[in-house]
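# Overview (structure and organization)
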Amino acid sequence: MSQTVDQRKSPGRIQQLSASVINKIAAGEVIERPASVVKELMENSVDAHATRIDVLIEKGGADLISITDNGSGIEPDDLTLAVTSHATSKIADADDLFSVATMGFRGEALASIAEVSHMKIRSRTGQQDSGFELLVHGGNAEPPVPCGCAPGTSIEVANLFFNTPVRQKFLRTTQTEMGHITEAFTRIALPNPHIQMTLKHNQRIIHELPATNNWLERIQGFFGDEIASHLIPIESEDSGIRLSGFVANPKINRSNNKMQYLFLNRRHIRDRSLQHALSEAYRGLLMVGRFPITFLKLEMPPNIIDVNVHPAKLEVRFQDGGRLYSQLLGTIRNKFLTTDLTATQQQPVAPVDSAAGSSESTMENWSRQQLNQSFGDTSLPGEQNELAFPNRQPVRDWVTHPRESSAATTPAFQPYEHPAPVSPNVGPHFSTEHAALNPDYQSDQPPTQNYRALQLHNRYLVTENDEGLVIIDQHALHERVIYEQLREKVLAGKLETQRLLVPEPVSLTAAEAALVLDNQEILSEIGIEVDSFGGDSILVSGYPAMLVNHNPAEILRNVVELLQNEGKKPERRDVIDSLLHLISCKAAIKAGDKLTAEEIEDLLRHRDLCQDSHHCPHGRPTALVFTRNELDKRFKRI
Ligand code: ADP
Ligand code: MG
C-alpha cells in the first residue's frame, strides 16, 4: 500500500494516458473474470450471425478460452482494427447508439481481452479461399498472416490476466469460475435456440445443444424435464412491446431469483422493477422467501431503450418502465386466473360453471352473510354486549347455514353421487370421452356443479372434477377463501371492524409497544384499532370482525410477532398482506374440525369463486388432483 503512496505523482500534472493503460482500465470494467470473456466473444459470434458456436474451456478459463463460430468472419484488412479499442463495425455515429440492435457496439471487448491475455484470432469470410491469423500478446499485435481455416472466426484466449497480477489473484477456484462461465453461456444460449452450441470444460462436454426453433426445447436442454413440464406459456403485446415466454407453476420455485431469466431483444438483462412485478404476480402463491422461475422475452424497438448505461450492458433503461411493469404483472395474473394451478401436470382449464348463479352475486351474498354472522344483529344491544366477550360463544362465521348441534344428525359418510352432466364444450381439456362415459349426458342440458365431498380424518375433503379425483385440505382452502375475501374488502376499504365495548389493555415490552404504535395506521387499515395505554401497554379497541372467536390479546401478540419478522422498513403492502395471511389462517376452520354436509357444500362452492383456490395464502397447495388417466394407469386399465 505504502508503495502506491510513494509512487504517486504530485497533483496538478495532467498527462494523456497511454493506449495500453486506457485499455487496461477498460479491460477492468468489461473483463472481470473468464466468464466475461466468454460472454463478449459469444456475443460477437451471435452478432456475426453464426449458426454454430463451440466453446472450449480449460481450467476454468484461466488457461484457455476458445470460441469458434461459423459466422460472417472478419476481413483481413479489419483484423488488426478489430483488436484496437473503440473499433467496431456495429455503430458509426452517436445517433446509432440509440437504435442498437446488436449485442456489442462499444468496440472495446476484443481490445480489452487482447490487452490482458495472449490472443489468437483466426478468421475467414465467406468470400475468401483461406483465412488470416492474428496474434496479440498483452496488447501488442503482430501483423496478420494467412492460415488455413473454415469460414467463420475462432478466437483463443490464453493465460488471461497474465500481466495484471491483481486480477489474477482474484480468480476463484476452477469450479467457481466454471460456474460463472456456464451461467454466461446459458444467458446467451437461452435466447438463441436457433444456434447450435456446445460447451466443453477440460475435454468434458457440459452442454451440447442442437439448434431448434422451439424455445421450450432449449430451456429443457438446460434445466431438465421437471422444470420444463411445469412451465406455463404467456404472451402479450402492448403498443409495440411484445412479451412472451414461460412462467413456472408456483409449486416449482427457488430460494433466490437466479432462475428469473429476462431477455430484452435477445440480450440477457436484470431489472429490479420487473423482478418486483414477478413477485407481485406470484403474491400469495409462494411461501415467503421463495422466488418464481421465469423465462421471459421482451421485444421492442431499440429506440425506446437505452442499453448504454452499464459496461456489461446488464442493465438497461426503459422509456416507459411503469407501463412495462403493468404489462408483465397483468399478463401473468391473467394467465394464472385462467390456468389450473392445482398440484398436477399443467393443463389449461376452462372456468368452472357454477349452479349458484353468477359468481359476482354469490360472492356478494357470501360477504353479506359473513358480515351478518360476525356482527350478529347489530340492532340488538344484548348481542353487542356478548360480542365484547367474543370467546364465550363460538360463532362459525363462514357457514351459510347454522351448524347442527349434534354430529349424529350428519352422516359421517356422504356417498358420492354421480356428477351432473357437464357440457362437452366447457373447456379445451374436456374430451368426448367424458361424455361417452356418462349415459345421462344430454348436450342441451345446462351444466351444473356438484358440491358434495367425503370428509376424511376431519381434515381432507375428497371429491371429483372432470379431470379426476380431487383431495382438498379443508383448512388450506378455507384460509384461501377468507384471504381473498379480506383482500377484496381491504382494497375496497370495506373491512368490518369489531369494536370492543370494553377495550382490552395488553401489556407488551417497550420495544413491542413502540413497534405496534409505529404501525398503528397500517393496523387500522385491516381493522385492528390500537392506542397507547400508558407505560408499555397497548389498548385494543377494535379488531377484524372475522376474528370474533379470538382473544384480542392473542391477536395482538401474533401481530407483534409478525411485525418483528418483517424486518426494517417493510413495504406497507407487504405488512398488510402478511396481516391478511394471519387473519385468514386464524379465522379458517382447522384440521380436525368436523364439517356438516352444508358446510362442505358451502366451502366447495366458494372454492370455485376463488381467484386462486389452488394454494393457501402461504403457498401450500389446497388440493391434489389424481387425474383419471393416472388412476386408470395405476389400476392397469390402460
Ligand atoms: P463490438 O462487438 O462492440 O463491436 P468488439 O471489440 O467485441 O466490439 O469487436 C470489434 C469488431 O470485431 C466487431 O465490431 C466486429 O466487426 C468484429 N468481430 C469481433 N468478433 C467477431 C466474430 N466472431 N465474427 C465476425 N466479426 C467479429
Ligand atoms: Mg463485441
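Keep in mind that this is a model prediction, so the values were computed, not measured. (Residues numbered from 1 in each chain as written. Chains lettered and ligands numbered in written order. Predicted model: local features only at pLDDT ≥ 70, side-chain atom pairs only at ≥ 80, totals over all residues. Heavy atoms only, no water.)

### What about the pairing of strand E11 (residues 241–248)?
Put simply, side chains in a regular strand alternate between the two faces of the sheet. Stated precisely, the cut-off is as follows: When accessible area is computed with a 1.4 Å probe and restricted to protein chains, residues below 20% of their type maximum are described as buried, those above 50% as exposed, and intermediate ones as partly exposed. Each helix is a run of H or I in the DSSP string that is no shorter than four residues. Each strand is a run of E no shorter than two, and both are numbered from the N terminus. Between any two strands, pairing holds if DSSP finds at least two bridges.
The buried fraction of E11 amounts to seven of the eight residues, a majority that puts the element mostly inside the structure. As defined by bridge partners, strand E10 (residues 231–238) adjoins E11 across eight bridges and the pair is classed as antiparallel. Paired with Glu237 across the strands is Arg242, a residue of E11. Taken together, the six bridges between E11 and strand E14 (residues 294–299) define a ladder with antiparallel strand orientation. The residue of E14 that forms the bridge with Val247 is Thr294.

### Notes on unusual backbone geometry
Not every positive phi belongs to a glycine, and Asn159 is a case in point at roughly 50°. Along the polypeptide, Asn159 turns up in the loop between strand E7 (152–158) and helix H6 (165–170). The backbone phi angle of Phe161 is positive, close to 65°, even though this residue is not glycine. For Phe161, the location among the structural elements is in the loop between E7 and H6. According to the relative accessible area criterion, Phe161 is buried, its value standing at 2%.

### So, the site of ligand 1
So the rule is basically this: If even one non-hydrogen atom of a residue comes within 4 Å of a molecule or strand, that residue is called near it. Counting of polar contacts relies on pairs of N or O atoms within 3.5 Å, with two restrictions inside protein: one atom must be capable of donating a hydrogen and the other of accepting it, and residues adjacent in sequence are counted only when both atoms are side-chain atoms. Only the protein chains shown count as cover for residues, and all accessible areas are computed by the Shrake-Rupley method using a 1.4 Å probe. Basically, the charged four are Asp, Glu, Lys and Arg, the nonpolar ten are Ala, Val, Leu, Ile, Met, Phe, Trp, Tyr, Cys and Pro, and anything else, Gly included, counts as polar.
The local shell around ligand 1 holds 20 residues, among which Asn44, Thr88, Ser89, Lys90 and Gly107 are the closest. Taking Asn44, its side chain carries an N or O atom lying 2.8 Å from an oxygen atom of ligand 1. Across the complex, the protein chains shield 92% of the 530 Å² of accessible surface that ligand 1 would expose by itself. Broken down by secondary-structure element, the contributors of at least two residues to the shell around ligand 1 are helix H3 (34–47) and helix H5 (109–115). For the shell around ligand 1, the residue count by class is seven nonpolar, nine polar and four charged.

### Quick look at the nonpolar core
This is how it is decided: Think of a nonpolar core as a cluster: buried Ala, Val, Leu, Ile, Met, Phe, Trp, Tyr and Cys residues, connected wherever their side-chain atoms sit within 4.5 Å. An automatic or database domain assignment supplies the start and end points of every domain.
Formed by 56 residues in total, the largest nonpolar core has its most connected members in Met119 and Phe295. Here this core spans two domains, and each of domain 1 (19–211) and domain 2 (216–340) adds at least three residues to it. Core analysis: the next-biggest nonpolar cluster, separate from the first, contains 35 residues, Leu508, Ile526, Met546 and Ile555 among them.

### What to know about the confidence of the model for the protein
Defined as follows: A residue's pLDDT is the confidence the predictor assigns to it, expressed on a 0 to 100 scale. Only heavy atoms enter the contact rule, under which two residues are in contact if any of them lie within 4.5 Å.
Per-chain confidence: the protein averages 77 in pLDDT, with 77% of residues scoring 70 or above. Predicted confidence for residues 1–6 stays below pLDDT 50, and this span has zero contacts to residues more than four positions away or in other chains.

### A few points about the packing of H3 against helix H7 (residues 174–189)
We apply this condition: Fitting a line to C-alpha atoms yields each axis, with helices limited to the stretch in contact; the angle taken between N-to-C directions then spans 0 to 180 degrees. Note on angle classes: values under 35 degrees are labelled roughly parallel, values over 145 roughly antiparallel, values of 65 to 115 roughly perpendicular, and the remainder oblique. Here a crossing is taken to be left-handed if its near helix is turned anticlockwise relative to the far helix by less than a right angle, and right-handed if that turn runs clockwise.
Where H3 contacts H7, the axes come no closer than 8 Å and their chain directions differ by 20°. Taken together, the axes of H3 and H7 lie roughly parallel to each other. Once H3 is placed against H7, the crossing between them reads as right-handed. Here Pro34, Ala35, Val38, Lys39, Met42, Glu43 and Val46 of H3 lie close against H7, whose contacting residues are Glu177, His180, Ile181, Ala184, Phe185 and Ile188. Tallied by class, the residues present in the contact of H3 with H7 amount to nine nonpolar, one polar and three charged.

### Examining the side chain of Thr182
Within the secondary structure, Thr182 is located in helix H7. At 2.8 Å, the side chain of Thr182 forms a polar contact with the backbone oxygen of Met178. Once you skip the residues sitting within four places of it in the chain, Thr182 turns out to touch Leu199 and His207.

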